[in-house]
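Reading the structure
Residues per chain, in single letters:
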Amino acid sequence: MAQYTRVSGSVGLITLQSPPVNALSAAVRQGIVDLMQRALSEPEVKSVVICGQNGIFCGGADIKEFGGQMSGPPLIPMIHAIEAASKPVVAAIEGIALGGGLELALGCHYRIAHSKARVGLPEVTLGLLPGAGGSQRLPRLIGVPAALDLITTGRHVTAAEALKFGLVDQITDHNTVNVAVKFAQRVADQPLDARRISTHPCLCPSDVAVLFEEVMQRVRRTARGAIAPIACVQAVRAAATLPYNQGMERERELMATLFTSGQARALQYFFFAQRAVGRWSMPSGARWDTSKPRPVHKAAVIGLGTMGRGITVALAQAGFSVVAVETQEKQLMEAKQAISGMLERGAKRRGVAPALDKINYGRNIQSVADVDLVIEAVFEDMALKKKVFQQLSAVCKPSTFLCSNTSGLDIDQLACQTRNPELVVGMHFFAPAHVMKLLEVVYGPKSSPLAVATAMQLGKKIGKVSVAVGNCRGFVGNRMLKPYLEQALFLLEEGATPEFVDQVLEEFGFAMGVFRMSDLSGLDVGWKVRLADGLAMPDPTMGQPTRLRQGRRYSPLGDLLCEQGRFGQKTGRGWYQYDKPGSQVAKPDPWLHSFLDEYRARHALVAHRIDHQEVLERCLYSMINEGFRILEDGIAAGPEDIDVIYVFGYSWPRHRGGPMFYAATVGLNKVLERLEHYYQAHPDVPSLQPCHLLRKLVASGSPPIQKWREVIKKVRSQL
Ligand SMILES: CC/C=C\C/C=C/C(=O)SCCNC(=O)CCNC(=O)[C@H](O)C(C)(C)COP(=O)(O)OP(=O)(O)OC[C@H]1O[C@@H](n2cnc3c(N)ncnc32)[C@H](O)[C@@H]1OP(=O)(O)O
């Protein structure tokens, strides 16, 4: 869909029309092809302007079309025809020109952008490369180093930056289409040869080979197994070293490989999953589109430890007035200093003024009396949190939303301490809270849709990807982490080393293996929880067998390290050793290896050879199995919620789509079969027992992930 109008007598105006972002669907491409022909054939028309309706130039190829059979005119010849046109074609860029949208603009002879527009080639984030000539034209237009930056990161740049690069010819604060039309009239009789980017030489710095080598190394290091960034570098190298036509052929080959790769499918699934989580629903039937949030102007944070500080910074940076409360004088002073430092560093990076004046500090909980929403971030102790909620309920306005940053405690028990339990929800941030994108919004049985909608909206305003989840121990993320951690410990008992387990998980694509991650977050955190739960009681005289607790297999390895003061990075010793406390460079620790040998000997455990496959299957499939239980229990509404939580909160490699999508790509029958195998070998590990929903999905013929909700609904209705 595209519309044609003749303006100012001699300009053919083609307007892309495909809401919401004027993506280049088959119909839009057909429209462009037809209308270009019309404009070129009308003798009165001397030049052409291409723009998008509703102030948006174009969001690129229609990602929904990637999954199916492509129809309609292909993009590459369409863009070539525009570039080869005998009349000047001007792109009027408002809003965004992304991916295929920018590639279309690069095929035009001139580009005029509104000052507020953003442009970029984000294909890499979808597992692709700019495969409609973008990888060949952009380096010819703006040079190899800048093109490498834009194409390998997929970052969007402002119009001002685009002008500096020479990516656009002019920017305007006025009506972009009017400016472009006038511009088109002015250049109507200008020669076009020099305006066809594909004919430009690709200007390279003298040390281009070194540059490509450096970029390739950096990209390989940061890609964590993703192949698209590497293909992007290869495509730009083709632009730098080959004639245009051969470069295009290389672009086509690379694109074909990426297009059919599982990674592109995973990343495109994830693109829509990220958007799907905004359309939350609750088992009660309450939904995002029927639940109105209440505006929050002033918020409070209670407890200024690591989490409270990060949350305060996130709120202040987003422009909220914050009352930050810490009852301990010394902690308060330290927190003030730390928060100011974080705000100043953040402001410097973003080139804005630090939001120091947004925060009022206090030692007294009375100071939160007039706020609209409170986020409690005190120590993870139920008795303490209950007390805080009782105080908040007495002090705050009756309409104040009371939220807890607990990472897994029962929201309902907190709600019961208050006058208005319907205004209580969990807001589970991830450390560092001002950096990590994920927010779990946890509704208890009494939480109202109003409270959920308000917390979800607040999350969005402070730049988080918010996922609404039900109330259970550990919510979604930490509940699934438990079997994963447990399997990692069992693998050590059975003969693996922390280095090997971590290596396998890092090769899979996690930013950090499970043991390096535990050392970073502190082994004492989980230990305290296990002590409180009555699990970490190592004394055999207490009558508990060391490796069996509460009727199931238990590994006390983490507890034993904590008893020795090995809390991880902060103490300089954990699953690894570090040069000094606080150092981040993990080194294998011979002490730990001897400790594991002695432990196995003490418990008559015979070490066996554990391979990559066993590490991956046991750690990941037990976690995935818990994910299916979570779906079965209605704690997450759909697999997308779990996948988004794992990618944004637990460094699951995005190019594998998230744990539930990964299970679908492995094949649900295979996951089921391997879980059955491991459960048979370890019948005292309930997390390995395949859950009902997984069995049901396999029995239903393993439908595609987009159809799981139908099976989940059926299973839940039978419960
Ligand atoms: C042979 C050559 C083949 C290919 C070469 C070209 C490849 C490409 O062009 S790949 C696509 C490149 N473009 C992008 O990656 C842009 C993706 N979109 C975005 O980044 C954002 O959506 C946005 C910046 C364009 C707008 O952001 P925002 O205002 O926050 O809105 P939403 O993200 O919620 O999006 C609204 C709505 O639009 C849907 N959508 C956005 N872009 C596309 C698209 N390119 N194709 C299809 N649909 C798109 C998005 O899913 C939202 O809808 P839903 O809420 O229903 O999911």
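In this text, all values refer to a predicted model and were calculated from it rather than measured experimentally. (Residues numbered from 1 in each chain as written. Predicted model: local features only at pLDDT ≥ 70, side-chain atom pairs only at ≥ 80, totals over all residues. Heavy atoms only, no water.)

Another aspect to go through is the overall build of the chain. Assigned secondary structure in the chain consists of 28 helices and 19 strands. Counting only C-alpha atoms and orienting by the principal axes, one finds that the chain spans roughly 95 × 60 × 55 Å. Burial analysis of the chain (719 residues in total) assigns 56% to the buried set. Counting only contacts in the chain whose residues sit at least 6 apart along the sequence, the fraction spanning at least 24 positions is 72%. Only carbon and sulfur atoms are counted for the fraction: they give 54% of the accessible area of the chain, which is about 29,900 Å². For the chain, the distance from the average site of its 81 positive side-chain charges to the average site of its 66 negative ones is 4 Å. (Helix = DSSP H or I, 4+ residues; strand = E, 2+ residues; numbered from the N terminus. Buried < 20%, exposed > 50% of the residue type's maximum accessible area, 1.4 Å probe, protein only. Contact = heavy atoms within 4.5 Å. Areas by Shrake-Rupley, 256 points an atom, 1.4 Å probe, with all protein chains shown as cover. Lys, Arg positive; Asp, Glu negative; His and termini not counted. Charge placed at Lys NZ, Arg CZ, Asp CG, Glu CD.)

Next up on the list: the UniProt feature "domain: 3-hydroxyacyl-CoA dehydrogenase C-terminal" (unreviewed entry) in the chain. UniProt records the feature "domain: 3-hydroxyacyl-CoA dehydrogenase C-terminal" (unreviewed entry) for residues 474–578 and 615–702 in the present numbering. End C-alpha to end C-alpha, residues 615–702 measures 24 Å, and it is 68% helix and 0% strand. (UniProt positions renumbered as here; feature names shortened; annotations may be inferred.)

Before going further, it helps to examine the environment of Ala 162. For Ala 162, the location among the structural elements is in helix 6 (residues 159–165). Between the C-alpha atom of Ala 162 and that of Gln 706, which follows or precedes it by 544 residues, the distance is 38 Å.

Below, the discussion takes up the domain arrangement of the chain. Domain assignment breaks the chain into domain 1 (2–259), domain 2 (298–475), domain 3 (514–602) and domain 4 (612–717). One C-alpha centre belongs to domain 1, the other to domain 2; they are set 43 Å apart. (Domains from an automatic or database assignment.)

Attention shifts here to the state of the cysteines. Scanning the entire structure with this criterion turns up 0 disulfides. Among the cysteines around Cys 396, which has no disulfide bond, Cys 403 carries the closest sulfur, lying 10 Å off. Not part of a disulfide, Cys 691 finds its nearest cysteine sulfur in Cys 472, a span of 14 Å. Its relative accessible area of 3% is what places Cys 691 among the buried residues. (Disulfide = S-S within 2.5 Å.)

An α-helical turn contains 3.6 residues, so a residue and the one three or four places further along point in the same direction. Here helix 26 (residues 668–681) contains 14 residues, and its C-alpha end-to-end distance of 20 Å stays within 8% of the 20 Å for a straight helix at 1.5 Å per residue. Inspection of helix 26 places Leu 668, Val 671, Leu 672, Arg 674, Leu 675 and Tyr 678 among the buried residues, and these make up the whole buried set. Against the buried residues of helix 26 lie helix 23 (612–633), helix 25 (659–666), helix 27 (692–699) and helix 28 (708–717). (Expected span 1.5 Å × (residues − 1).)

Under the present numbering, the feature "domain: 3-hydroxyacyl-CoA dehydrogenase NAD binding" (unreviewed entry) in UniProt falls on residues 298–471. In residues 298–471, helix accounts for 38% and strand for 23%; the two terminal C-alpha atoms are 26 Å from one another.

Here helix 10 (residues 244–259) is 16 residues long and its end C-alpha atoms lie 22 Å apart, about the 22 Å a rise of 1.5 Å per residue gives. The complete set of buried residues in helix 10 reads Tyr 244, Gly 247, Met 248, Glu 251, Leu 254, Met 255 and Leu 258. Mapping the buried residues of helix 10 onto a view down its axis gives an arc of 130 degrees, with all of them on the same face. Buried residues in helix 10 make contact with helix 2 (75–84), helix 4 (134–142), helix 9 (228–241) and helix 11 (262–276). (Arc of directions from axis to C-beta.)

Next up on the list: the packing of aromatic side chains. If you walk through the whole model with that rule in mind, you get 17 aromatic pairs. A network of ring pairs unites the aromatic residues Tyr 484, Phe 508, Phe 510, Trp 652 and Tyr 662 as a single cluster. Arg 275 extends its terminal NZ or CZ atom over the ring of Phe 271, reaching a point 3.7 Å from the ring centre. (Phe/Tyr/Trp six-rings, centres within 6.5 Å; stacked < 30°, edge-to-face > 60°. Lys NZ or Arg CZ within 6 Å of the ring centre and 35° of its normal.)

Looking at the ligand, there are 24 residues lining it, with Gly 59, Ala 61, Ile 63, Gly 100 and Arg 275 nearest. Gly 100 places a polar main-chain atom, nitrogen or oxygen, 2.7 Å from an oxygen atom of the ligand. Note that an oxygen atom of the ligand is positioned 2.7 Å from one of the side-chain N or O atoms of Arg 275. For the ligand, whose free accessible area comes to 1,100 Å², the fraction covered by protein is 73%. (Near = heavy atom within 4 Å. Polar contact = N/O pair within 3.5 Å; in protein donor to acceptor, adjacent residues only side chain to side chain.)

Now for unusual backbone geometry. Here Pro 19 and Pro 20 are connected by a cis peptide whose omega angle stands at 5 degrees. Along the polypeptide, Pro 20 turns up in the loop between strand 2 (11–16) and helix 1 (26–41). Residue Ala 431 is joined to Pro 432 through a cis peptide bond whose omega torsion reads -10 degrees. Within the secondary structure layout, Pro 432 lies in the loop between strand 15 (424–429) and strand 16 (438–443).

Let us look at the sheet that holds strand 12 (residues 359–362). With respect to topology, 8 strands assemble into an open sheet ordered 12-11-10-13-14-15-16-17, the strand pairing being mixed. Across the chains shown, the open sheet's two edge strands, defined by having one partner strand only, are strand 12 and strand 17 (465–470). Here the average twist between neighbouring strands, direction ignored, is 25 degrees. Packed onto the sheet, helix 14 (residues 382–395) meets strand 10 (298–302), strand 13 (373–376), strand 14 (401–404) and strand 15 and runs at close to 165 degrees relative to strand 14. (Pairing = 2+ DSSP bridges. Axes fitted to C-alpha atoms, helices over the stretch in contact; angles between N-to-C directions.)

Time to look at the sheet that holds strand 6 (residues 110–114). Spatial strand order, 1-2-3-4-6-9: 6 strands in an open sheet with mixed pairing. Of all strands in the sheet, those bounded by a partner on one side alone are strand 1 (2–7) and strand 9 (170–172). Averaged over all adjacent pairs, the angle separating strand axes in this sheet is 20 degrees, with direction ignored. Where strand 3 (residues 47–52) meets strand 4 (residues 89–93), 3 bridges bridge the pair, whose relative direction is parallel. Its bridge partner lying in strand 4, Val 48 is registered against Val 89.

Take the pairing of strand 16 next. Where burial is concerned, most of strand 16 is hidden: 6 out of the 6 residues are buried. Because side chains alternate across strand 16, one face comprises the buried residues Leu 438, Glu 440 and Val 442, and the other comprises Leu 439, Val 441 and Tyr 443, equally buried. Pairing of strand 15 with strand 16, which is carried by 5 bridges, proceeds in the antiparallel orientation. Each residue of the ladder has a partner; that of Phe 429, found in strand 16, is Leu 439. Sheet analysis places strand 16 next to strand 17, joined by 6 bridges and oriented parallel. Paired with Glu 440 across the strands is Val 467, a residue of strand 17. For the crossover that starts at strand 16, traverses helix 16 (residues 449–461) and ends in the parallel strand 17, the hand is right-handed. (Right-handed = clockwise from strand over helix to strand, strands pointing away.)

A word on empty space enclosed by the protein. Applying the stated rule across the entire model yields 4 cavities of 30 Å³ or more. Looking at the largest cavity, its volume works out to about 60 Å³. Surrounding the largest cavity, Leu 392, Ser 393, Cys 396, Lys 397, Pro 398, Thr 400, Leu 402, Thr 418, Arg 419, Asn 420 and Leu 423 form its lining. Of the residues contributing to the lining of the largest cavity, the split by class is 5 nonpolar, 4 polar and 2 charged. Of the voids in this model, the second largest cavity is the one considered here, and its volume is about 50 Å³. (1 Å grid on protein atoms, 1.4 Å probe; cavity = no way out; pocket = protein on both sides within 12 Å on 5 of 7 lines; lining within 4 Å. Points joined across faces, edges and corners; volume = space filled by probe spheres on them. Nonpolar A, V, L, I, M, F, W, Y, C, P; charged D, E, K, R; others polar.)

Attention now goes to the pattern of salt bridges. Taken as a whole, this structure holds 41 salt bridges when the rule is applied. Two residues, Asp 289 and Arg 287, come together in a salt bridge whose shortest N-O distance is 2.7 Å. According to the relative accessible area criterion, Arg 287 is partly exposed, its value standing at 36%. A salt bridge links Glu 494 to Arg 553, with the shortest nitrogen-to-oxygen separation between them at 3.0 Å. Remark: Arg 553 occurs in strand 19 (residues 552–553) and Glu 494 occurs in the loop between helix 17 (477–493) and helix 18 (498–508); sequence separation between them is 59 residues. Under the relative-accessibility criterion, Glu 494 is labelled buried at 9%. Its relative accessible area of 7% is what places Arg 553 among the buried residues. Here the salt bridges do not stand alone but share partners, grouping Glu 493, Glu 494, Arg 547, Arg 553, Glu 614 and Arg 618 into one network. (Salt bridge = Lys/Arg side-chain N within 4 Å of Asp/Glu carboxyl O.)

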